[in-house]
Structures are given as structure tokens and as C-alpha cells.
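Notes for the structure review
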Amino acid sequence: MTELHRIAIDTMSGDNGLSAAIPAALSFLKEYNDTALILVGDESKILDELKKHNQQPNDRLKVQHASEVVLMNESPALALRGKKDSSMRVAINLVKAEEADAAVSAGNTGALMATGRFVLRTLKGIDRPAICAPIPAATGHTYVLDLGANIDSTSEHLYQFAIMGSELATAIDGVEKPRVGLLNIGSEDMKGNEQVKAAHKQLQDGGFNYIGFVEGNDIFHGEVDVIVCDGFVGNVALKTSEGLAKMLSEEIKAGYTKSIFTKIAALVSYPVLKAFRQRFDHRRYNGASFLGLKGIVIKSHGGADDVAFANAIGIARKAVIEKVPDKIEEQLQKHLVD
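Given the structure is predicted, the values throughout are model-derived calculations rather than measurements.

**Digging into the overall build of the chain**
When you go through the chain residue by residue, the secondary structure sums to twelve helices and eleven strands. On C-alpha atoms alone, the chain measures out to a radius of gyration of 21 Å, which is about the 20 Å that the 2.2 N^0.38 rule sets for 338 residues. With the principal axes as the frame, the chain shows a C-alpha extent of 65 × 60 × 40 Å. Pairs at least 24 apart in sequence give 71% of the contacts found in the chain among residues at least 6 apart. Put simply, the chain shows about 16,600 Å² of open surface, and 53% of that area lies on carbon and sulfur atoms. When the 38 basic and 43 acidic side-chain charges of the chain are each reduced to a single mean position, those positions are 4 Å apart.

**Digging into the packing of helix α6 (residues 155-173) against helix α7 (residues 194-204)**
Between α6 and α7, the least distance of the axes is 8 Å, while the angle of their chain directions is 45°. Judged on the interaxial angle alone, α7 and α6 are oblique. The handedness of the crossing between α6 and α7 comes out as right-handed. Contacts from S155, E156, L158, Y159 and A162 of α6 reach α7 at Q195, V196, A198, A199, Q202 and L203. Classifying every residue of the contact of α6 with α7 by side-chain character gives seven nonpolar, three polar and one charged.

**Some remarks on the sheet that holds strand β8 (residues 209-214)**
Strands belonging to one sheet form pairs held by backbone hydrogen bonds; the direction of such a pair is parallel or antiparallel. If you walk across this open sheet you meet the eleven strands as β3-β2-β1-β4-β11-β10-β5-β6-β9-β7-β8, and the pairing is mixed. The open sheet has two edge strands, β3 (61-65) and β8, and neither has a second partner. When strand polarity is set aside, the average angle formed by the axes of neighbouring strands in this sheet is 25°. Where strand β5 (residues 130-136) and strand β6 (residues 141-145) come together, five bridges link them in antiparallel fashion. Counted as the bridge partner of A133 is V144 from β6. Of the strands in this sheet, β1 (5-10), β2 (35-41) and β3 are in contact with helix α1 (residues 18-31), which crosses β2 at around 170°. Contacts from α7 reach β7 (179-183) and β8, with the element oriented near 160° to β8.

**A few points about unusual backbone geometry**
Here the amide bond leading from L145 into D146 is cis, since omega sits at 5°, within 30 degrees of zero. With respect to the helices and strands, D146 occurs in the loop between β6 and α6. For E98, which is not a glycine, the phi torsion comes out positive at approximately 60°. Looking at the element boundaries, E98 is found in the loop between α4 (87-96) and β4 (102-105). Residues other than glycine seldom take positive phi values, yet R121 does so here, at roughly 70°. Checked against the element boundaries, R121 lands in the loop between α5 (109-120) and β5. Taking the relative accessible area as the measure of exposure, R121 reaches 47% and is therefore partly exposed.

**Points about a nonpolar patch on the surface**
A contiguous nonpolar patch, built from I151, F232, V233 and V236 and spanning about 350 Å² of accessible area, is present on the exposed surface. With respect to the element layout, I151 can be found in the loop between β6 and α6. For I151, a relative accessible area of 45% puts it in the partly exposed group.

**Details of the pairing of β5**
Within β5, seven of the seven residues are buried, which leaves it mostly tucked inside the rest of the structure. Along β5, one buried face is formed by A130, C132, P134 and P136 and the opposite face, lined by I131, A133 and I135, is buried too. In terms of strand pairing, β5 meets strand β10 (residues 288-291) through three bridges, oriented antiparallel. What sits directly across from C132, in β10, is S289. In sequence, β5 turns back onto β6 through a hairpin of four residues, with G140 there showing a positive phi of about 75°.

Analysis parameters
Residues numbered from 1 in each chain as written. Predicted model: local features only at pLDDT ≥ 70, side-chain atom pairs only at ≥ 80, totals over all residues. Heavy atoms only, no water. Helix = DSSP H or I, 4+ residues; strand = E, 2+ residues; numbered from the N terminus. Rg over C-alpha atoms; globule rule 2.2 N^0.38 Å. Contact = heavy atoms within 4.5 Å. Areas by Shrake-Rupley, 256 points an atom, 1.4 Å probe, with all protein chains shown as cover. Lys, Arg positive; Asp, Glu negative; His and termini not counted. Charge placed at Lys NZ, Arg CZ, Asp CG, Glu CD. Axes fitted to C-alpha atoms, helices over the stretch in contact; angles between N-to-C directions. Parallel < 35°, antiparallel > 145°, perpendicular 65-115°, else oblique. Left-handed = near helix turned anticlockwise from the far one by under 90°. Nonpolar A, V, L, I, M, F, W, Y, C, P; charged D, E, K, R; others polar. Pairing = 2+ DSSP bridges. Buried < 20%, exposed > 50% of the residue type's maximum accessible area, 1.4 Å probe, protein only. Patch = residues over 30% accessible without salt bridge, like charges linked within 9 Å, V, L, I, M, F, W, Y side chains within 5 Å. Salt bridge = Lys/Arg side-chain N within 4 Å of Asp/Glu carboxyl O.

Okay, structure coming up:
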């Protein structure tokens, strides 16, 4: 029998905790029979939640007790020092101990990154890990990094982000030569700050399928696979796109419910609206990778429901199968030698 992939799930963190994590885990197990999940958190609460779904632990669904929880507004430093038995820490410890192949958490982003970096350490050649996630585009999606782990990034950091993002796109989506762009305020060589200009030169000589500077609107055109930027810019871009998507959704809904005539129009256009909603459903893109660590850590959105959380587990499974950290390390050594 083929050995199962093992993913540790922090069931206690995030806005919805067990109410999202447990249904997500159960639906994931129904879809994939090659993976076992380790539910990390308060054992009694996990068992009670499983009973609500007429489930109990088995060969593919194990429970690992953790007595503490990292709160969403908690200081990363305090969480790292003061909550060594948190569900987040225990899940990552399982990866370190090679008892799990990946960890998934919807918890405090800063605490998750700090814990992952402290416990797992970074790959040789990586100065700072980065947060990378797909953003829906006109065709498929675009991977953007960093999305908030590093507020100030040097040109060397941006170069490292390009290596990691490019390898992730290849591993997850099978893109042989991902198109890599560097986010800037214009496409001309003279534009941008000194870090971006220096990174531009490094990327031109780095052996990537580098297409040069791209602007914010290029994130959604579908003509670039990986966009590199520092965490400050990336996080602003991410939150702006999320806010725009939410506003458009609310405006469309309000417009179609104004009167009996607009409601009739909604019925007529329902197939188009349904396809649009499914295509840009943020839950399909849930699951950000913490790249650069000696292990796989996936961050689910804090407010994720069970559908979104299950997608994050799926991202972890794919990263395990494709051995993403190993492939990134291989590319790092190649670029360092070159």
C-alpha cells in the first residue's frame, strides 16, 4: 500500500476555528484517499465536533492534543515565547519531527510566520521567507509574493522571491517556464526605487523567463504567472483587490434586487452570474504558501469557511506531492552557482 501523505491541521485558530476546520477536513478526506490528516487542538473539543458529524478518529484521521491557542490579535513574539503548546506550534512541530509533511493554519499570520521560521528554519540561500498566493486573473491566476511577511525588501530578497515563486508555479500548476514580472510604477527602466531597479538587473541575468517590469493592472490580465514585490506593496495590492471584489459583488447584488424588473433581469442572466461568482469565488484561491522554510506551511484566510479551508488543505497536499521546498532548494543552489 502506498504511504499516505500527512497534513497537520491547526483546528483551533482563525475566526471560525473548529466549525470550519472539522467540516473542511472531512470533506477533504472524502475527495482524496491518499492523505491522512492530524487534527491538532483541544482533544475533547475536537472529539465533540467530530461526533456532531458522526465521525471518530481512524487511520486517516488522527487527533493530536494541544492545550493552547494563539489569538488573532496576539503579538507574534509573545505567542512564540509564551505558547509553546499552542495548536499552531504543535502542528508545525509535527512537520519538524517528520510526523507530518505539511501544516495548515488559519491563525495569526505574524505568529504563524514567526513560529514557522523559528521551528523549521529557512532554506540555504533564503534570507527571508515570503508569503505567496494566487490571485484570479483573466486567464487562470497570478502568483504574487511577498504578500506581507517582509515590509522592506532588498534587491537580493526580491531576486530570491522570484526563484521561489517561479518554482511554486511550476510545481503547483505545471508551468514549465513561468513568466516572472517585477511590480513597479511603470514599465520604463528609469522608474522605481533603487531596490526595484537593482532587482530588475539581477532578474535580467538570472536565467528566468523574466518579462520585465509590470504594473498593478497586470496582476489581473493573465499575461504573467508570477509577480514579485515587497510585502508592503503586495499586501496593499491584495487587500485592494479583495475590497474591490467585495464591493463589485455587493453592487451587483443590490442592482439586481432594486425592483421587480431588475429581479426578472437577474433570473434571465442567472447562468452568467453563477459562472462569474464561481470563477471569482475567493474561496477557490484560499491557501497562501510560506515559501523559503524547510517545510511546508500553508496559511488559510482567518475568516475562511469550510469550503475555503478545504482548498487550503488541498494546496498543502499538492505542495507535499510536488516536494516544493526541495525543488526551491535545488533552484537556489543552481542560481547561487550560476
